[in-house]
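# Breakdown of the fold
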Amino acid sequence: MHRRPFITAVTAALGASVCGAAPRSKTILLKSAWDTVNIGDIGHTPGTLRILEEHLPDVHVIVWAMALDDRVRGMLTRRFPKAEIVQGKIDDPQLASAFQRADLVIQNSGMSQDTSLAARCVLLGKPFGFYGQSFFPGFVEGEKGRANIALLDKAAFIYCRDSRTLAILRGAGAKPQVLEFAPDGCFGIDVRDDARALAFMKKHGLEERKFITLQLRTQTAKHPGKDNPPLNPLHPTPQQQAEDERRAAKHRELVTAWVRQTGFKVLIAPEVKKEMEHNKRLIHDPLPADIKPQVVNCEAFWNADEAASVFARAHTCICHEPHSLIIALANGTPVIHTFSEFHSPKCWMFEDIGLPEWLLEFDSTPSVRMTETLLAIHRDYPAALAKVKTAMAFVRERHAATMRGIEGLLLSS
């Protein structure tokens, strides 16, 4: 923040106090809570709320939640009792009130290509920003891309959660006030449900640091019977089904090698609810007879806090999706991201925070290399734990820097 606006803002605040009128506390409207069937879409919200709470404790936060159920709402209200939660469409009266009270509007981490929030903020003259975002290249291409760039240019900040998104926006000529890298807000998560997690582990004979977790992302419908985006096809093609089979075979080989070489267990742990039946079908059920007793298939979808408590006690978490791994890292556990970049450039955030050797492209990486990466973690586990600690120190440093910028923006508003 420039020196003169900062001095002006502080002087105004002090002047109000001298005159007997306390300065009005600042308010942030946070658009978040994208879904309840994906622990990443759940986890963004408590993660970013914790970052805001730590660095901007006097700021009032209104969470504009896209989707909630009783368990997710209960988790949020217990951990963040001061946060206000609203729901509804952008034109609903309670959202109009939230926008009116907000000094800053933030779209939380995700892949949304929706520009309605930015457009509304421009219309209302409200400062707005994107926190820990990824964008596909198509977002800034063509005539529609030019319109999107024009909106992005009006943002107070865009914090990209991966270097590829940052390069995409810079290459397209986007020029918001701030355009920098900052990790996904989910890295800030600290909610836990130890009681549920420990009961689950006891039931299935999972010992602390003696089991890995794993999930495959399939090309299957997220919401059967409804329209689905291309990455979640309602009717997978034979080619897509064959790709799922090939990837599952690699994970089965990894599971088999792990069990036979270490004697430790495996938990098929859901990041996305829709994958549970497919992971059972593609990974668990076809396993060799001597391996299957050592593999636990999670049969009930969990909340982000229970998942965090299990991941905190796992040896290593392996996932085709990224957010189980973010939650694991936030809880001190090593990870391997067997990624497919067509899901989005968000996969590169693991390289960006200093963990490139744990980032393996699914289709081009042989299963033997996946196994070797996992066993290398196992052979020198203290070094792997230290690597996690170093990566998370960098994440927290970047989050702190973003909050200093946001604090300066609020002081000058």
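Residues numbered from 1 in each chain as written. Predicted model: local features only at pLDDT ≥ 70, side-chain atom pairs only at ≥ 80, totals over all residues. Heavy atoms only, no water.

Before going further, it helps to examine the nonpolar core. By size, the foremost hydrophobic cluster in this structure holds 128 residues, and its most contacted members are Leu-267 and Ile-406. Excluding anything up to four places from it in sequence, Ile-406 contacts Ile-28, Leu-56, Leu-104, Ile-106, Tyr-131 and Phe-157. (Core = buried A, V, L, I, M, F, W, Y, C linked by side-chain atoms within 4.5 Å. Buried < 20%, exposed > 50% of the residue type's maximum accessible area, 1.4 Å probe, protein only. Contact = heavy atoms within 4.5 Å.)

A separate point is the packing of helix α2 (residues 39-55) against helix α15 (residues 381-411). Contact geometry for α2 and α15: axes closest at 10 Å, N-to-C directions at 65°. Judged by the twist between their axes, the crossing of α2 over α15 is right-handed. Only His-399, Ala-400 and Met-403 of α15 make contact with α2, whose side of the interface consists of Ile-51, Leu-52 and His-55. (Axes fitted to C-alpha atoms, helices over the stretch in contact; angles between N-to-C directions. Helix = DSSP H or I, 4+ residues; strand = E, 2+ residues; numbered from the N terminus. Left-handed = near helix turned anticlockwise from the far one by under 90°.)

This paragraph deals with the pairing of strand β2 (residues 60-65). Most of β2 sits out of view: five of its six residues are buried. Sheet topology note: the strand β1 (residues 27-32)/β2 ladder contains six bridges and is parallel. Bridge assignment links Ser-32 to a residue of β2, and that residue is Ala-65. The parallel pair β1 and β2 is bridged by α2, and the resulting crossover is right-handed. Two elements, β2 and strand β3 (residues 84-86), share three bridges in a ladder whose sense is parallel. Its bridge partner lying in β3, Ile-62 is registered against Glu-84. (Pairing = 2+ DSSP bridges. Right-handed = clockwise from strand over helix to strand, strands pointing away.)

Turning to the sheet that holds strand β12 (residues 335-339), a few remarks are in order. Ordered in space as β10-β9-β8-β11-β12-β13, the six strands form an open sheet in which the pairing is parallel. This sheet does not close on itself; its edge strands, each paired only once, are β10 (295-297) and β13 (359-361). The sheet shows a mean angle of 20° between the axes of neighbouring strands, direction not considered. In the sheet, strand β8 (residues 211-215) pairs with strand β9 (residues 265-268) via four bridges, with the strands oriented parallel. When the sheet's bridge partners are listed, Leu-214 is paired in β9 with Ile-268. Taken strand by strand, helix α9 (residues 238-262) contacts β8, β9, β10, β11 (316-319) and β12, and its axis lies near 175° from that of β8.

With that settled, consider the environment of Lys-273. With respect to the element layout, Lys-273 can be found in the loop between β9 and α10 (276-284). In this structure, the C-alpha to C-alpha distance between Lys-273 and Asp-190, residues 83 residues apart in sequence, is 22 Å. Setting aside chain neighbours within four positions, we find Lys-273 in contact with Val-37 and Phe-301.

Turning to unusual backbone geometry, a few remarks are in order. Among all residues save glycine, negative phi is the norm, and among peptide bonds the norm is trans. A positive phi angle is found at Ala-33, which is not glycine, with a value near 55°. Residue placement: Ala-33 occurs in the loop between β1 and α2. Since its relative accessible area comes to 4%, Ala-33 is described here as buried. One non-glycine residue, Ser-344, lies in the positive phi region at around 150°. Within the element layout of this structure, Ser-344 appears in the loop between β12 and α13 (349-352). On the basis of relative accessible area, Ser-344 is assigned to the buried category, the value being 2%.

Our next topic: the sheet that holds strand β5 (residues 128-133). Read across the open sheet, the seven strands follow the order β3-β2-β1-β4-β5-β6-β7; overall the sheet is parallel. Strand pairing shows two members of the sheet lacking a second neighbour, β3 and β7 (179-181), which therefore form its edges. In this sheet, adjacent strand axes meet at a mean angle of 20° when their direction is disregarded. Pairing between strand β6 (residues 157-160) and β7: three bridges, direction parallel.

Looking at the element boundaries, Lys-250 is found in helix α9. For the buried Lys-250, which has no salt bridge, the nearest side chain bearing the opposite charge is Asp-363, at an N-O separation of 5.5 Å. Every residue in contact with Lys-250, bar those within four places of it in the chain, is listed here: Phe-362, Asp-363, Ser-364, Thr-365, Pro-366, Ser-367 and Met-370. (Lys, Arg positive; Asp, Glu negative; His and termini not counted. Salt bridge = Lys/Arg side-chain N within 4 Å of Asp/Glu carboxyl O.)

Turning next to the pattern of salt bridges. With the rule as written, the count across this model stands at 23 salt bridges. A salt bridge links Glu-341 to Arg-164, with the shortest nitrogen-to-oxygen separation between them at 3.8 Å. Separated by 177 residues along the polypeptide, Glu-341 in the loop between β12 and α13 and Arg-164 in helix α7 (residues 163-171) bring together distant segments of the chain. What makes Glu-341 partly exposed here is its relative accessible area of 38%. Accessibility expressed as a relative area gives 33% for Arg-164, which makes it partly exposed. Taking the shortest distance from any N to any O, the salt bridge between Glu-372 and Arg-379 comes out at 2.4 Å. Here the salt bridges share partners, and the residues they tie into one network are Arg-71, Asp-193, Arg-196 and Glu-306.

Look at α2 against helix α3 (residues 70-79): their axes get within 11 Å of each other, and the N-to-C directions meet at 10°. When the axis of α2 is compared with that of α3, the two are roughly parallel. Judged by residue contacts, Ile-42, Thr-45, Pro-46, Leu-49, Arg-50 and Glu-53 of α2 engage Val-72, Met-75, Leu-76 and Arg-79 from α3. Residue composition of the contact of α2 with α3, grouped by class: six nonpolar, one polar and three charged. (Parallel < 35°, antiparallel > 145°, perpendicular 65-115°, else oblique. Nonpolar A, V, L, I, M, F, W, Y, C, P; charged D, E, K, R; others polar.)

The space that makes up the largest pocket amounts to roughly 720 Å³. Asp-41, Met-111, Arg-217, Lys-222 and Asn-232 are the residues nearest the centre of the largest pocket, which is lined by 28 residues in total. Here the lining of the largest pocket is built from residues that sort into seven nonpolar, eleven polar and ten charged. (1 Å grid on protein atoms, 1.4 Å probe; cavity = no way out; pocket = protein on both sides within 12 Å on 5 of 7 lines; lining within 4 Å. Points joined across faces, edges and corners; volume = space filled by probe spheres on them.)

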